[in-house]
Amino acid sequence: MELRITHETRYDYSPAVETAQHMAHLHPLDTPCQRLLAHRLDIAPTPAQRSQTPDVYGNLRTFFSLQSPHTVLRVVAVSEVETRAPQPAPSTVTWEAVRERFRFRAGAAWDAAAEFVFASHHAPRHDAFSAYARPSFPPGRALIEAARDLMARIHDEFTYETFSTEVNTPALEALERRTGVCQDFAHIMIGCLRAMGVPARYVSGYLLTHPPAGQPRLIGSDASHAWVAVYLPDLPGAQDGNGWYDLDPTNNRSGWGSPGEDYVTLALGRDYSDISPMRGVIHGGARHTLTVAVTVQPLQELLSGTTPAPHEEGESGIRDAAAEPLPPLPPLPTLTPLSELPDEHQRQTQGL
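Each value, and the rule that gives it
- Residues numbered from 1 in each chain as written.
- Predicted model: local features only at pLDDT ≥ 70, side-chain atom pairs only at ≥ 80, totals over all residues.
- Heavy atoms only, no water.
- Helix = DSSP H or I, 4+ residues; strand = E, 2+ residues; numbered from the N terminus.
- Buried < 20%, exposed > 50% of the residue type's maximum accessible area, 1.4 Å probe, protein only.
- Contact = heavy atoms within 4.5 Å.
- Areas by Shrake-Rupley, 256 points an atom, 1.4 Å probe, with all protein chains shown as cover.
- Expected span 1.5 Å × (residues − 1).
- Pairing = 2+ DSSP bridges.
- Salt bridge = Lys/Arg side-chain N within 4 Å of Asp/Glu carboxyl O.
- Axes fitted to C-alpha atoms, helices over the stretch in contact; angles between N-to-C directions.
- Phe/Tyr/Trp six-rings, centres within 6.5 Å; stacked < 30°, edge-to-face > 60°.
- 1 Å grid on protein atoms, 1.4 Å probe; cavity = no way out; pocket = protein on both sides within 12 Å on 5 of 7 lines; lining within 4 Å.
- Points joined across faces, edges and corners; volume = space filled by probe spheres on them.
- Nonpolar A, V, L, I, M, F, W, Y, C, P; charged D, E, K, R; others polar.
- Core = buried A, V, L, I, M, F, W, Y, C linked by side-chain atoms within 4.5 Å.

Novice: Help me out: how do you make sense of the overall build of the protein chain in this one?
Specialist: Check the secondary structure of the protein chain and you find seven helices and 15 strands. The proportion of buried residues among the 352 residues of the protein chain is 51%. Counted over contacts in the protein chain with a minimum sequence separation of 6, partners at least 24 positions apart contribute 76%. For the protein chain, the accessible area works out to roughly 16,200 Å², and carbon and sulfur atoms hold 53% of it.

Novice: Any chance you could explain unusual backbone geometry here in plain terms?
Specialist: Both trends apply: most residues other than glycine have a negative phi, and most peptide bonds are in trans. In this structure, Pro15 follows Ser14 across a cis peptide bond, with omega equal to -10°. Position of Pro15 relative to the elements: it lies in strand β1 (residues 2-24). That bond from Ala44 to Pro45 is cis: its omega, 5°, falls within 30 degrees of zero. The backbone of Arg178 shows a phi angle near 60°, a positive value even though the residue is not glycine. Locating Arg178 in the fold gives a position in the loop between α4 (171-177) and β7 (179-180). Located in the positive-phi region is Asn252, a residue other than glycine, with phi close to 55°. Along the polypeptide, Asn252 turns up in the loop between β10 (244-248) and β11 (253-256).

Novice: Would you mind showing me how to read helix α3 (residues 143-157) here?
Specialist: The α-helix winds at 3.6 residues per turn, so residues separated by three or four positions along the chain end up facing the same way. In a regular helix each residue adds 1.5 Å, so 15 residues correspond to 21 Å; α3 covers 21 Å between its end C-alpha atoms and thus fits that length. Buried residues along α3 sit in contact with α1 (95-101), α2 (127-133), α5 (182-195), β9 (225-231), β10 and β11.

Novice: For this particular structure, what's the right way to read the pairing of strand β12 (residues 263-269)?
Specialist: Side-chain direction in a regular strand flips from residue to residue, so the side chains alternate between the two faces of the sheet. Of all seven residues making up β12, seven are buried, and the element is well covered by its neighbours. Of the pairings in the sheet, the one linking strand β8 (residues 200-207) to β12 comprises six bridges and is antiparallel in character. What sits directly across from Gly205, in β12, is Thr265.

Novice: What exactly am I supposed to notice about the pattern of salt bridges here?
Specialist: Close approach of charged atoms allows side chains with opposite charge to pair. On inspection of all chains with the given rule, the structure shows 13 salt bridges. A salt bridge links Glu80 to Arg4; its shortest N-O distance comes to 2.6 Å. One end of the pair, Glu80, is in strand β5 (residues 70-83); the other, Arg4, is in strand β1, with 76 residues separating them in the sequence. The structure contains a network of salt bridges with shared partners spanning Arg99, Glu100, Arg103 and Arg105.

Novice: For this particular structure, what's the right way to read the sheet that holds β9?
Specialist: In sheet architecture, strand pairing relies on hydrogen bonds along the backbone and comes in two forms, parallel and antiparallel. Read across the sheet, five strands follow the order β11-β10-β9-β8-β12 without closing on themselves; strand pairing throughout is antiparallel. What marks the edges here is a single partner per strand, and that holds for β11 and β12. Between one strand axis and the next, the sheet turns by 30° as a mean value, whatever way the strands run. On the sheet, α3 packs against β9, β10 and β11 and is oriented at approximately 20° with respect to β10. Strand contacts of α5: β8, β9 and β10, with the helix running at about 15° to β9, the strand carrying the most contacts.

Novice: How do you make sense of the packing of aromatic side chains when you look at a structure like this?
Specialist: Remark: the centre distance and the inter-plane angle together describe each pair of aromatic rings, the angle taken between the planes. All told, the structure shown has eleven aromatic pairs when counted by the stated rule. For the ring pair Tyr11 and Tyr13, a centre distance of 5.9 Å and an interplane angle of 5° mean the geometry is stacked. Neither Tyr11 nor Tyr13 differs from the other in exposure class; each is buried. With 5.2 Å between their ring centres and 55° between their planes, Tyr231 and Trp244 make a pair best called tilted. Here the residue Tyr231 occupies a position in strand β9, and Trp244 occupies one in strand β10, the gap between them amounting to 13 residues. Taking the relative accessible area as the measure of exposure, Trp244 reaches 7% and is therefore buried. Grouped by ring-pair contacts, the aromatic residues Tyr57, Phe102, Phe116, Tyr231 and Trp244 constitute a single cluster.

Novice: Sorry, what's going on with the layout of surface pockets here?
Specialist: One way to see where empty space is left: roll a probe the size of a water molecule over the atoms. Its boundaries defined by the atoms lining it, the largest pocket holds a volume of some 520 Å³. Around the largest pocket sit 26 residues that line it, and Arg201, Gly241, Asn242, Trp244 and Leu268 are the ones nearest its centre. Among the secondary structure elements, those contributing two or more residues to the lining of the largest pocket are β8, β10 and β12. Residues of the lining of the largest pocket, tallied by class, amount to 14 nonpolar, seven polar and five charged.

Novice: Sorry, what's going on with the nonpolar core here?
Specialist: Across soluble globular proteins, nonpolar side chains show a tendency to be buried alongside one another. Counting 62 residues, the largest nonpolar core has Phe137, Leu193 and Val230 as the members making the most contacts within it. Of all the elements, α5 adds the most residues to this core, at eight residues. Those residues in contact with Val230 that lie beyond four places of it in its chain are Leu143, Ala147, Leu193, Val198, Pro199, Ala200, Gly243, Trp244, Tyr245 and Leu247. Ile5, Tyr206, Leu208 and Val264 belong to the second largest nonpolar core, which has 24 residues in total.

Here it is as structure tokens:
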């Protein structure tokens, strides 16, 4: 698939913000299952300072600062990504073997995946996670089978309920209530996997949703998505970082490197707090309203039968969108309330 993702974030402040510093994780990754074709990030008002650097997990993050008063901040990321279906994952390693691999031993060889065994802010250590996970982890079971079973149980036993939680709702609370959105399901599954002693990480990204038959795609009605990846050290290339198997408990789909070709990976971290799409520190703006609009569309649908222009690629292989003049930002489209979207659409993506 070739997909275009438009992710627009808007803050309306009252009173004006005097100065601000922000960090954005809105640049899709290159992975074995996807290739970034083009990317541009438009910020209004124009930042006084702006830079892009990789973080410790290899995500590209953009820092920018605003040094003049403003009542609106608008950040629009447009990305074009080519994806492919994941390959079969020939893993047979048992979950106990993986647990033992990451048990601390003085002088043992270092494995970068060890960082994802430990508790993090949104996925703390707690007996409730191990109690829920244990039925999926009988002795001698392959880790990939145990993880798939855990994913299926969360999918079947939890209710996807938009606005049932906030970004900072503890995963333990969502586990107890058996309700939440994809971010909650991801944190619960990560907590369960780590409770069993195996590495698990948080994946943020997007999912191509499907409008009801006969109806057009709703512009701006999608949302960012989240899922999980578990480390399988016996997969080919695992030592080079290719041993991660992705699992989406919201939709009960999984695959090596991606749950499917209709997924786009944005960033990787221990949990949401590492890779939130936007965060920052502001001076002023005592009250604010946040609006987020995401659209994921096949490029073929956008072209409507016209011949696509050839890619203009630089040395990196990514079209240099920044070299082209940016058009003025269009008016923010009216968003369709998630409560009015079909249940299946709500379940596929996370509404924030």
